[in-house]
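Observations on the three-dimensional arrangement
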Amino acid sequence: MKIKYFVAFLLLNLPAINVFSQTDVVKNFLFAEKQTRLMLKEVDSVKADPGSSVLVSPRTLNADGKFVMVPSKDWCSGFFPGELWFLYEYTKDKTWMELAKKFTANIEVEKTNGITHDMGFKLYNSVGNGYRLTKDAHYKEVIIEGAKTLSTRFNPVVGSIKSWDNRKQWKFPVIIDNMLNLELLFEATRLTGDSTYYKIAVAHANTAMKNHFRADYSSYHVIDYDPETGKVLHKQTHQGYADESAWARGQAWGLYGYTMCYRETHNKAYLQQAENIAKFIFSNPNLPADLIPYWDYNDPAIPNVPRDVSAAAVAASALYELSTYSKNAKDYHSKADKIIKTLSTHYQVQAGGSKGFLLLHSTGHKPAGSEIDAPIIYADYYYLEALLRKQRLYKGQPVININ
Ligand code: GLY
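I will try to describe carefully the structure that is included in this document. Treat the numbers as computed from the prediction; the structure is a model and nothing was measured.

1. Here's the deal with the pattern of salt bridges
- Under the defined criterion, the tally for this structure stands at 22 salt bridges.
- Here Arg 37 and Glu 33 are joined by a salt bridge, their closest N and O atoms 3.6 Å apart. Taken together, the positions of Arg 37 and Glu 33, both in helix H2 (residues 22–47) and four residues apart, correspond to about one turn of that helix.
- A salt bridge links Glu 110 to Lys 122, with the shortest nitrogen-to-oxygen separation between them at 2.8 Å.

Here's what the structure looks like:
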């Protein structure tokens, strides 16, 4: 082809390059089904060892490629059951539902575990999705019990839910990730008519909006409060490069969290906050052209540092939802398309490999030397959620079918 025709061809097709078609959704769900069947075999082989009785859900592959499973108390235990619910939601195949029920049953015990803030990650992604798709009254009770337990971690003087216990360096640490746990509280108010949970969620979101964010709408990871006075003691970024840096997944948790809070409250301040976070992320000079961030936007060794695919997957899912509320709809939708297209094209594991995970190149906790450049279950969960949301948008439906 002559150069001038080739250039004309490229220009004509440019708008289509980042479009994620319905066929792409179908293709990638087929891939996810196959990989998940493989993962189930890995689970079975771990469970064949009698010493593995407390291990319930896959989490990652370690540096030696070993399949790592975790007990229900681990913050990542709910993601795999959640993925099984997503596969059921997409395929309507009852086999996936039965598997989702089986793996969800392992997590229910967490409803009375009050020593962690991760109730939403564990219980909402498993039991919450189960209730959304089945309306099983038992799941409803578990959600309510879990929300009651999570509420015991709320301190009205601080106006927040405490994230971590027993850490010597902090008195009342609250991490930006905790925004995701609020979804469970909103659901509990919907199910009971008791506004206590809703009010706690709103107070937490408002306190985080006040103290977690910098002038450019990037966020700190940890704010430590005095539990007696509510005063801010420290602002830190424990899982990032430095206290003043922007840890990539933290920015994505904020984007997802405030988008969800807007869905639940219709408070325009939350919508604005989500839009401001999106602006920080997508105008950041250190965001690569493919929109998959490095693990921290301020690591001075960029570009020779790992990416965090999980941050991109969380952001893509959030952006699809945000696109349905915001005047910047087209921009957010096309950015989400570009992310899931890139993830599907360049960051997927080889079909039949990586013990059933879907995506490579996430970074869990770099300063601790843990889960660096690895497949991690939460990246896969939010990737599947984003694919589902894209499918629902194709059908002209809201991104999530809560009622
Ligand atoms: N919620 C813990 C993390 O994002 O690593």
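Read on for the rest.
2. A few points about the packing of helix H5 (residues 119–134) against helix H7 (residues 182–192)
- It is the contact of H5 with H7, at a shortest axis distance of 9 Å, that shows an interaxial angle of 45°. It follows that H5 is oblique to H7 by the angle criterion. Contact residues: H5 offers Met 119, Gly 120, Tyr 124 and Tyr 131, while H7 offers Glu 183, Leu 184, Glu 187 and Leu 191.
- When its residues are assigned to classes, the contact of H5 with H7 shows five nonpolar, one polar and two charged.

3. A short note on the site of the ligand
- Taken together, Trp 75, Asp 177, Gln 239, Trp 247, Arg 249 and Trp 253 make up all the residues around the ligand.
- The contact in question runs from a nitrogen atom of the ligand to an N or O atom on the side chain of Asp 177, over 2.7 Å.
- Arg 249 is positioned with one of its side-chain polar atoms (N or O) 2.6 Å from an oxygen atom of the ligand.
- Protein chains shield 91% of the accessible area of the ligand, which is 200 Å² for the free molecule.
- Mapping the ligand onto the cavity grids shows that it belongs to the largest pocket.

4. Looking at the sheet that holds strand E6 (residues 222–225)
- As summarised here, the arrangement of the three strands in space is E5-E6-E7, forming an open sheet in which the pairing is antiparallel. The open sheet terminates on both sides in strands that have one partner only, identified here as strand E5 (172–175) and strand E7 (232–236). Put simply, the sheet's adjacent strands are angled 20° from each other on average, direction ignored.
- Direction of pairing for E6 relative to E7: antiparallel, over a ladder of four bridges. Pairing of Val 222 across the sheet is with Gln 236, part of E7.
- Strand contacts of helix H8 (residues 196–211): E5, E6 and E7, with the helix running at about 105° to E6, the strand carrying the most contacts.

5. Observations regarding the nonpolar core
- The biggest cluster of nonpolar side chains holds 122 residues, and the ones touching the most others in it are Leu 182, Leu 255 and Tyr 382.
- Counting residues per element, this core draws most heavily on helix H11 (residues 309–323), which supplies eleven residues.
- Excluding anything up to four places from it in sequence, Leu 182 contacts Ile 161, Ala 201, His 204, Ala 205, Met 260 and Cys 261.
- Membership of the second largest hydrophobic core comes to six residues, among which are Val 158, Phe 172, Tyr 220 and Ile 223.

Calculation notes
Residues numbered from 1 in each chain as written. Predicted model: local features only at pLDDT ≥ 70, side-chain atom pairs only at ≥ 80, totals over all residues. Heavy atoms only, no water. Salt bridge = Lys/Arg side-chain N within 4 Å of Asp/Glu carboxyl O. Helix = DSSP H or I, 4+ residues; strand = E, 2+ residues; numbered from the N terminus. Axes fitted to C-alpha atoms, helices over the stretch in contact; angles between N-to-C directions. Parallel < 35°, antiparallel > 145°, perpendicular 65-115°, else oblique. Contact = heavy atoms within 4.5 Å. Nonpolar A, V, L, I, M, F, W, Y, C, P; charged D, E, K, R; others polar. Near = heavy atom within 4 Å. Polar contact = N/O pair within 3.5 Å; in protein donor to acceptor, adjacent residues only side chain to side chain. Areas by Shrake-Rupley, 256 points an atom, 1.4 Å probe, with all protein chains shown as cover. 1 Å grid on protein atoms, 1.4 Å probe; cavity = no way out; pocket = protein on both sides within 12 Å on 5 of 7 lines; lining within 4 Å. Sits in = over half its atoms within 2 Å of the grid points. Pairing = 2+ DSSP bridges. Core = buried A, V, L, I, M, F, W, Y, C linked by side-chain atoms within 4.5 Å. Buried < 20%, exposed > 50% of the residue type's maximum accessible area, 1.4 Å probe, protein only.

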